[in-house]
Amino acid sequence: QVQLVESGGGLVQAGGSLRLSCGASGNPFNVGWFRQAPGKEREFVAAIRWSGGRTYYTDSVKGRFTISRDNAKNTVYLQMDSLKPEDTAVYYCAAKRSLGVPPMDLHEYDYWGQGTQVTVSS
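Residues numbered from 1 in each chain as written. Predicted model: local features only at pLDDT ≥ 70, side-chain atom pairs only at ≥ 80, totals over all residues. Heavy atoms only, no water.

A. Quick peek at the overall build of the chain. Counting its secondary structure elements, the chain contains 0 helices and 11 strands. Reading the chain from its N end, one meets helices and strands in the order β-β-β-β-β-β-β-β-β-β-β. Scaling as 2.2 N^0.38, a compact globule of 122 residues should have a C-alpha radius of gyration of about 14 Å, and the chain matches this with 13 Å. The principal-axis extent of the C-alpha atoms belonging to the chain is close to 40 × 25 × 25 Å. Looking at the chain residue by residue over its 122 residues, the buried ones come to 44%. Partitioning the contacts of the chain with sequence separation of at least 6, the portion at a separation of at least 24 is 59%. (Helix = DSSP H or I, 4+ residues; strand = E, 2+ residues; numbered from the N terminus. Rg over C-alpha atoms; globule rule 2.2 N^0.38 Å. Buried < 20%, exposed > 50% of the residue type's maximum accessible area, 1.4 Å probe, protein only. Contact = heavy atoms within 4.5 Å.)

See the structure below:
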């Protein structure tokens, strides 16, 4: 059983930065970040592959968000810079026990964290 615990959300002004953390028990696994804004479906944000550390991003966050991982700490980070009001959402980390390419489909993930709120004011 994998447990995921997110932290680092909060309120920030547009143009500001936040760093989310996702602490995980158990490995190896691929980890993705998703977000869900009010009234919208949960969407893929970024993912990192366990083997090799290759990263993947949705187009709207490329160049602004960076996903990384510290394998020694079993922690994945999402550094969010140049935040925009449209980035406001609950952010979730998810894990999939796989060494392959991390999926962008949320239904393919096996474990989920509880979510952390990110609010970007204009």
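B. Representation of the sheet that holds strand E1 (residues 4–7). As summarised here, the arrangement of the 4 strands in space is E1-E3-E8-E7, forming an open sheet in which the pairing is antiparallel. Bordering the open sheet on either side are E1 and strand E7 (65–70), each of which pairs with just one other strand. Each strand axis lies, on average, 15 degrees off the axis of its neighbour in the sheet, ignoring direction. (Pairing = 2+ DSSP bridges. Axes fitted to C-alpha atoms, helices over the stretch in contact; angles between N-to-C directions.)

C. Main features of the pattern of salt bridges. According to the stated counting rule, one finds 4 salt bridges in the structure shown. Residues participating in the shared-partner salt-bridge network are Arg35, Glu43, Arg64 and Asp87. (Salt bridge = Lys/Arg side-chain N within 4 Å of Asp/Glu carboxyl O.)

Honestly, it's all geometry; don't read function into it.
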